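Survey of secondary and tertiary structure
One-letter residues, chain by chain:
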Amino acid sequence: MMRRFSEIPWRTNLLVNSYRSLTTSCAPLISEETPPTETQSSSLINPQNEILTDSFNRFHDYLRISLTEKCNLRCQYCMPAEGVDLTPNSNLLTQNEIIRLGGIFVNSGVTKIRLTGGEPSIRKDLEEICFNLSNLKGLKTLAMTTNGLVLARKLPKLKEYGLNALNISLDTLVPAKFEFMTRRKGLERVLDSIYTALDLGFDPVKVNCVVMRGMNDDEICDFVDLTRDKNINVRFIEFMPFDGNVWNVKKLVSYAEILDKVRQKYKDVKRLKDHPSDTAKNYKIEGHIGNISFITSMTDHFCAGCTRLRLLADGNFKVCLFGPSEVSLREPIRAGIDDVGLKQIIGAAVKRKKAKHAGMFDIAKTTNRPMVHIGG
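What comes next is a walk through the structure.

Calculation criteria
Residues numbered from 1 in each chain as written. Predicted model: local features only at pLDDT ≥ 70, side-chain atom pairs only at ≥ 80, totals over all residues. Heavy atoms only, no water. Helix = DSSP H or I, 4+ residues; strand = E, 2+ residues; numbered from the N terminus. Buried < 20%, exposed > 50% of the residue type's maximum accessible area, 1.4 Å probe, protein only. Axes fitted to C-alpha atoms, helices over the stretch in contact; angles between N-to-C directions. Parallel < 35°, antiparallel > 145°, perpendicular 65-115°, else oblique. Left-handed = near helix turned anticlockwise from the far one by under 90°. Contact = heavy atoms within 4.5 Å. Nonpolar A, V, L, I, M, F, W, Y, C, P; charged D, E, K, R; others polar. Polar contact = N/O pair within 3.5 Å; in protein donor to acceptor, adjacent residues only side chain to side chain. Core = buried A, V, L, I, M, F, W, Y, C linked by side-chain atoms within 4.5 Å. Pairing = 2+ DSSP bridges. Salt bridge = Lys/Arg side-chain N within 4 Å of Asp/Glu carboxyl O. Expected span 1.5 Å × (residues − 1). Arc of directions from axis to C-beta. Phe/Tyr/Trp six-rings, centres within 6.5 Å; stacked < 30°, edge-to-face > 60°. Lys NZ or Arg CZ within 6 Å of the ring centre and 35° of its normal. Right-handed = clockwise from strand over helix to strand, strands pointing away.

Looking only at helices and strands, the chain features 12 helices and 12 strands. By the burial criterion, 57% of the 376 residues in the chain qualify as buried.

Direction vectors running N to C along helix H2 (residues 95-107) and helix H3 (residues 126-134) enclose 20°, while the axes themselves pass 10 Å from each other. In terms of orientation, H2 lies roughly parallel with respect to H3. As H2 packs across H3, the resulting crossing turns out to be right-handed. Seen from H2, the contacting residues are Gln95, Ile98, Ile99 and Gly102; seen from H3, they are Glu128, Ile129, Asn132 and Leu133. Its residues assigned to classes, the contact of H2 with H3 shows four nonpolar, three polar and one charged.

Right, let's talk about the environment of Arg183 for a bit. Relative to the helices and strands, Arg183 is located in the loop between helix H5 (175-182) and helix H6 (187-199). Of note is the side chain of Arg183, whose polar atom sits 2.6 Å from the backbone oxygen of Arg74.

Across soluble globular proteins, nonpolar side chains show a tendency to be buried alongside one another. Counting residues in each nonpolar core, the largest one holds 95 residues, and the members touching the most others are Ile113, Leu115, Phe236 and Phe317. Beyond its immediate sequence surroundings of up to four residues, Phe317 is in contact with Phe105, Leu309, Arg310, Ser325, Glu326, Val327, Leu329, Ile346, Ala349 and Val350.

The mixed open sheet is built from 12 strands, whose spatial order is S7-S8-S9-S6-S5-S4-S3-S2-S1-S10-S11-S12. Of all strands in the sheet, those bounded by a partner on one side alone are strand S7 (269-271) and strand S12 (327-328). In the sheet, S7 pairs with strand S8 (residues 280-285) via three bridges, with the strands oriented antiparallel. If you follow Val269 over to S8, its bridge partner there is Ile285.

Moving on, we come to the pattern of salt bridges. Applying the stated criterion across every chain yields a total of 15 salt bridges. For Asp217, the salt bridge is made with Lys261, and the minimal N-O distance between the two is 3.7 Å. Of the two residues, Asp217 sits in the loop between strand S5 (205-211) and helix H7 (220-225) while Lys261 sits in helix H8 (residues 255-265), which places them 44 residues apart along the sequence. Residue classification places Lys261 among the partly exposed residues on the basis of a relative accessible area of 26%. Taken together, the shared-partner salt bridges in this structure form one network comprising Lys177, Asp218 and Glu219.

Moving on, we get to H6. If you check H6, its first and last C-alpha atoms are 19 Å apart, about what 13 residues at 1.5 Å a residue would give, namely 18 Å. Along H6, 10 of the 13 residues are buried, which leaves the element largely enclosed by surrounding structure. All buried positions along H6 are accounted for by Leu187, Val190, Leu191, Asp192, Ser193, Ile194, Tyr195, Thr196, Ala197 and Leu198. Where H6 is buried, its residues touch helix H4 (155-160), strand S4 (165-169), H5, S5 and strand S6 (232-238). Following H6 by one or two positions, Gly201 adopts a phi angle in the positive range, close to 90°.

Among the residues making up H5, those that are buried are Lys177, Phe178, Met181 and Thr182. Taken end-on, H5 shows its buried residues confined to a sector of 115°, consistent with a single buried face. Residues Ala176 and Phe180 are exposed on H5 and point more than 90 degrees away from its buried face. Check the buried side of H5 and you find it contacts H6. Positive backbone phi, approximately 60°, marks Arg183, located one or two places after H5.

Attention now goes to the packing of aromatic side chains. Evaluated as defined, the whole model comprises five aromatic pairs. A cation over a ring is seen here: Lys281 above Tyr255, with NZ or CZ 5.5 Å from the ring centre.

One can find Asn216 in the loop between S5 and H7. Given a relative accessible area of 2%, Asn216 falls into the buried group. A polar contact is formed between the side chain of Asn216 and the backbone oxygen of Asp171, at a distance of 2.7 Å. Setting aside residues no more than four positions away along its own chain, Asn216 makes contact with Asp171, Lys177, Met181, Cys209, Val210 and Val211.

Residue Gly118 is reached from Gly117 by a cis peptide bond, and omega for that bond is 25°. Within the secondary structure, Gly118 sits in the loop between strand S2 (112-116) and H3. With an omega dihedral of -5°, the bond running from Asp203 to Pro204 counts as a cis peptide bond. For Pro204, the position within the fold is in the loop between H6 and S5. You will see that Asn57, though not glycine, has its phi angle at about 65°, which is positive. Secondary-structure assignment places Asn57 in the loop between helix H1 (12-20) and strand S1 (62-66). For Arg183, which is not glycine, the phi torsion reads 60° and is therefore positive. Judged by its relative accessible area of 27%, Arg183 is partly exposed.

Here we come to the pairing of S5. Within S5, six of the seven residues are buried, leaving the element largely enclosed by the surrounding structure. Inspection of the sheet shows S4 paired to S5 by four bridges, in the parallel sense. Looking at the pairing, Ser169 lines up with Asn208 of S5. Here S5 runs beside S6; their pairing, made up of seven bridges, is parallel. In the strand pairing of S6, Val205 is matched with Ile232. As a crossover connection, the stretch from S5 through H7 into S6 is right-handed.

Here it is as structure tokens:
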């Protein structure tokens, strides 16, 4: 029952040279190459994890792995109404390939892995993936971003198998609007997953909310109220352009506008100190157990402190969310490359990462994949 909120072997050198030609600019239309002013450069970078350090001295310790392109929702900001073409199963990473690549990244310095999709919770071997990744020596955080639709019954076992951080996507608290925005029913099940996560001790439970004008911008304070007596971190996300989501700047509700609405209702809204690599701007409201955050990719980018890399479900490696360039890791694996060769491919891609991504209007005109392919 739902509980309410009110309550074939390739020679390594030949392979690396081949893949370097594919690892081109990882963000479109960048006019400035100025090194970031605030990064993790204060951290000691040893030779072992140098492959994850880009030309601007940003060390990447965070890997997002998409486990599937399939999803049980059809959110309007994520994919077109008709859905998207899916990669054949034979071209998706197997569990063993995921664990091998995860191990290479952790051995190179990654301390946090986030599982994404599509919807990761619909992958049948999710528990085994969590168990094997969580046992990688050096990994501190194993997180997952999910829509929560089928999460509640799976969450106890996932936590037992090493999942220790959780983001649940939810863009409305109104049942009819949920069905319109996701093209599916299920708000009650998502809310139940949030409560189950709280009961299991996830600290905090993060709720991701993409704010769109004329859609859910009238619910901003309703979401803030969720943080009053629960350890929930509501993360308001600016609407971002991806293939098929019909992005329009008129739908964008900026961080500044959202914060202004919050301050009109809540008088004591204090800015918290953010970690240099944090994507979020974090705030606390006096008297609230939880807090709120803002992901400001469109109006105030955080590229200078970016420490994130992405491994897509088809095995492509992507160093910037908004950059169209990708390099396959699946193909060399299946051709018999060793770990040293994979590290060289990864390092070459990381070194080509740009100082920052393009502005939102240029991003909107750049060919990229739908979000469901990239991984949320």
